[in-house]
Every structure is written in structure tokens, then in C-alpha cells.
Amino acid sequence: MNTDDINLAYKIRHALNDNLDALPASTTERLAAARAIALSRKKADAPVQQPRKSRRFFDVDFHFSGAGLGRLGVAIPLLALVVGLGGLYQYEQQQRIAELAELDAAVLADELPLTAYLDHGFNAYLESQQRQQ
């Protein structure tokens, strides 16, 4: 509630209290009975719970509360993303190394014609050979 709402509530309460003496007795009795019924139906106040103590393991706090689980809910997917990207990078590097090793093996085995070494389009020739295989 902001201050305007609080001021309005005080003004209404003051106006009701001013006219309280002018109410008929039957109205005040009905209001008193309604108040008693409302108080009997009121829920009991919830007991205040003591905060849980955190468990310490290797000097790291583990909080099993909603906020701690929320942080884990963000950290675990981010960690999985980093591990996945690292694995993808390693896989691509291994593929590149394998392609270069295959090219080196072909050059050392003399499976390429001599014109391939003299041609400026040597890379184009190698790519066309790889596409045919």
C-alpha cells in the first residue's frame, strides 16, 4: 500500500468512528455478532519457522532452499553447455587432424600423379578426389 491508500483508510476509519454513537442499538448488536463470527472463523497464525542451518562440506555451503536450488538450476545447464561446446571443439579438431593425416599419407604413398604437384589447383584436385571417394 502506498501513502495515499493509507491516508484514505485512516480518513474512512475516522469517519466511521465519528458516527458510531449515532448508530441504532440493533445495528451495533448485529455488527458485534458479525465481528465475533469473523474472529471465530479466523485462521490461527502460522508459527514462525526457524531458518535451517546449512551443512558444511569441505568448507562449501550447501543450502537446500529454493534459492539454492534455483542457482543450481541455472548453473547445471550452463556447465552442460560449456562441456558440450568443449566436446564439439575437440571433435572438430580431431576431424581436421584426421583429414590432414589422410592427405599426408596420400602424398607419402605417391598415390597422386606428378601433374597434381605442379598444378596451381592442387587443392581443387584433392577436393575432387575426396568427393569421389
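Above this text sits the structure in question.
Residue numbers here run from 1 along each chain, matching the order of that chain's written sequence. It should be noted that, the model being predicted, local features are given only for residues of pLDDT at least 70 and side-chain atom pairs only at 80 or more, the latter also being counted only at that level, while totals for whole chains, interfaces and linings use all residues. Just so you know, side-chain values use all the structure's heavy atoms and leave hydrogens and water out.

Caption draft 1: Quick peek at the overall build of the chain. In terms of helices and strands, the chain carries five helices and two strands. For helices the rule is a DSSP run of H or I covering at least 4 residues; for strands it is a run of E covering at least 2, with both sets numbered from the N terminus onward. Reading the secondary structure of the chain in the N-to-C direction produces α-α-β-β-α-α-α. Working definition: with a 1.4 Å probe on protein chains only, accessible area under 20% of the residue-type maximum means buried, over 50% means exposed, and in between means partly exposed. The 133 residues of the chain split such that 4% are buried. Approximately 12600 Å² of the chain is accessible, and the part contributed by carbon and sulfur atoms is 60%. Each accessible area is a Shrake-Rupley result for a 1.4 Å probe, and residues are judged covered by the shown protein chains and nothing else.

Caption draft 2: A nonpolar patch on the surface, seen in detail. Together, Val74, Leu78, Leu81, Leu85, Leu88 and Tyr91 make up an exposed nonpolar region whose accessible area comes to about 610 Å². Note on placement: Leu88 falls in helix α3 (residues 66-108). The class of Leu88 is partly exposed, set by a relative accessible area of 48%. For patch building, the residue pool is restricted to those with more than 30% relative accessible area and no salt bridge; the joining distance is 9 Å between like charges and 5 Å between nonpolar side chains (Val, Leu, Ile, Met, Phe, Trp, Tyr). We define a salt bridge as a side-chain nitrogen of Lys or Arg found within 4 Å of a carboxyl oxygen belonging to Asp or Glu.

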